[in-house]
Amino acid sequence: MITNNKLVLASANPGKIKELQQMLDQLGIEVIPQTELSIPDIEETGLSFVENSILKARNASALSGLPAIADDSGLEVDYLKGAPGIYSARFAGAEATDAGNRDKLLEQLAGVPAEQRTARYQTVIVYMRHASDPTPIICQGTWEGSIAIDEQGDGGFGYDPIFEVPETGCRAAELDKDRKNRLSHRGKAMAKLLLQLQTQ
């Protein structure tokens, strides 16, 4: 199903690239980040994770001639009516850093009691066989948790140091990579995708 066991990963995010490469290793698939092919990011003009994932995968496939995988992920905070959502990576502005995004979120939740700090990570992963694929594979994953009042842990990326994982009692940034891949939104979506790639 995957031509020459190669596909392009439509991301320039080092943390995301590393996680997805680890998950795809088991299928013997060579994952080529789009940056290695000088493929620029496409503007994320969609209004949902699904739309943005499709835009990114189609762009990478069109410019590489290879099958492509893209994911669009974000954090939904119930107290903020689902924000930052699809704007998670640029919550603190167009040139925002992970630390800047976390700082802004903690500021907006200052004084909010623990029971109202529920949140979840969402991801949608899209696999496109070619740029004009009319039926891309779309897999979604969710990771429930809450937003802590401070940062802990030095692993992961994004909001991981403030994302409290209820089943572990620690932050996403404190989990080792294998455990995180089993529990996380991206891990759940990727498990669904791997199953579909193996059975088609």
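Everything discussed here concerns the structure shown above.
Report follows, based on the coordinates. (Residues numbered from 1 in each chain as written. Predicted model: local features only at pLDDT ≥ 70, side-chain atom pairs only at ≥ 80, totals over all residues. Heavy atoms only, no water.)

1. Description of the packing of aromatic side chains
Thinking step 1. Inspection of the entire model under this criterion finds three aromatic pairs.
Thinking step 2. Here a set of aromatic residues connected by ring pairs shows up, and it is made of Y121, W143 and F163.
Thinking step 3. Lying across the ring of F91, K104 places its NZ or CZ 4.6 Å from the centre. (Phe/Tyr/Trp six-rings, centres within 6.5 Å; stacked < 30°, edge-to-face > 60°. Lys NZ or Arg CZ within 6 Å of the ring centre and 35° of its normal.)

2. Digging into helix α5 (residues 185-199)
Thinking step 1. An ideal rise of 1.5 Å per residue puts 21 Å on 15 residues; α5 measures up with 22 Å between its terminal C-alpha atoms.
Thinking step 2. Within α5, the full set of buried residues consists of H185, R186, G187, A189, M190, L193, L194 and L197.
Thinking step 3. Elements that come into contact with the buried residues of α5 comprise α1 (14-24), β3 (68-77), β4 (118-128), β5 (137-147) and α4 (177-183). (Helix = DSSP H or I, 4+ residues; strand = E, 2+ residues; numbered from the N terminus. Expected span 1.5 Å × (residues − 1). Buried < 20%, exposed > 50% of the residue type's maximum accessible area, 1.4 Å probe, protein only. Contact = heavy atoms within 4.5 Å.)

3. So, the layout of surface pockets
Thinking step 1. Looking at the largest pocket, its volume works out to about 840 Å³.
Thinking step 2. For the lining of the largest pocket, the elements supplying multiple residues, two or more each, are α1, α2 (49-64), β3, α3 (98-108) and α5.
Thinking step 3. Ranked by the residues each element gives to the lining of the largest pocket, the list is headed by β3, at four residues.
Thinking step 4. Tallied by class, the residues present in the lining of the largest pocket amount to eleven nonpolar, ten polar and twelve charged.
Thinking step 5. If you trace the second largest pocket, you find it lined by G15, K18, E19, Q22, G155, G156, F157, L175, D176, K177, K180 and N181.
Thinking step 6. Those elements that place two or more of their residues in the lining of the second largest pocket are α1 and α4.
Thinking step 7. Ranked by residues supplied to the lining of the second largest pocket, first place goes to α1 with four residues. (1 Å grid on protein atoms, 1.4 Å probe; cavity = no way out; pocket = protein on both sides within 12 Å on 5 of 7 lines; lining within 4 Å. Points joined across faces, edges and corners; volume = space filled by probe spheres on them. Nonpolar A, V, L, I, M, F, W, Y, C, P; charged D, E, K, R; others polar.)

4. Concerning the pairing of β3
Thinking step 1. By the criterion of burial, β3 is predominantly enclosed, with nine of the ten residues buried.
Thinking step 2. Bridge analysis of strand β1 (residues 6-9) against β3 gives two bridges, and the strand direction is parallel. By the bridge assignment, L9 is partnered in β3 with I69.
Thinking step 3. Of the strand pairs in this sheet, β3 and β4 are connected by ten bridges, and their pairing is antiparallel. Residue pairing in the sheet places A70 in a bridge with V126 of β4. (Pairing = 2+ DSSP bridges.)

5. Structural notes on the pattern of salt bridges
Thinking step 1. What the rule picks out here adds up to eleven salt bridges.
Thinking step 2. Two residues, R102 and E151, come together in a salt bridge whose shortest N-O distance is 2.9 Å. Of this pair, R102 sits in helix α3 while E151 sits in the loop between β5 and β6 (163-165); the two residues are 49 residues apart in sequence, bridging distant segments of the chain.
Thinking step 3. Note on R102: relative accessible area 11%, which makes it buried.
Thinking step 4. Using a relative accessible area of 37% as the deciding quantity, one classes E151 as partly exposed.
Thinking step 5. D160 is the salt-bridge partner of K180, the closest N and O atoms lying 2.5 Å from each other. (Salt bridge = Lys/Arg side-chain N within 4 Å of Asp/Glu carboxyl O.)

6. Focus: the sheet that holds β5
Thinking step 1. Pairing is mixed in the open sheet, where seven strands are placed in the order β2-β1-β3-β4-β5-β6-β7. In this open sheet, the two edge strands, each paired with only one partner strand, are β2 (30-33) and β7 (170-171).
Thinking step 2. In this sheet, β6 lies alongside β5 in antiparallel orientation, the contact comprising two bridges. Among the inter-strand pairings, S146 is bridged to a residue of β6, identified as E164.
Thinking step 3. Helix-sheet contacts for α1 involve β1, β2, β3 and β4, and the interaxial angle to β2 is about 165°.
Thinking step 4. Running over the sheet, α5 touches β3, β4 and β5 and is turned about 160° from β5. (Axes fitted to C-alpha atoms, helices over the stretch in contact; angles between N-to-C directions.)

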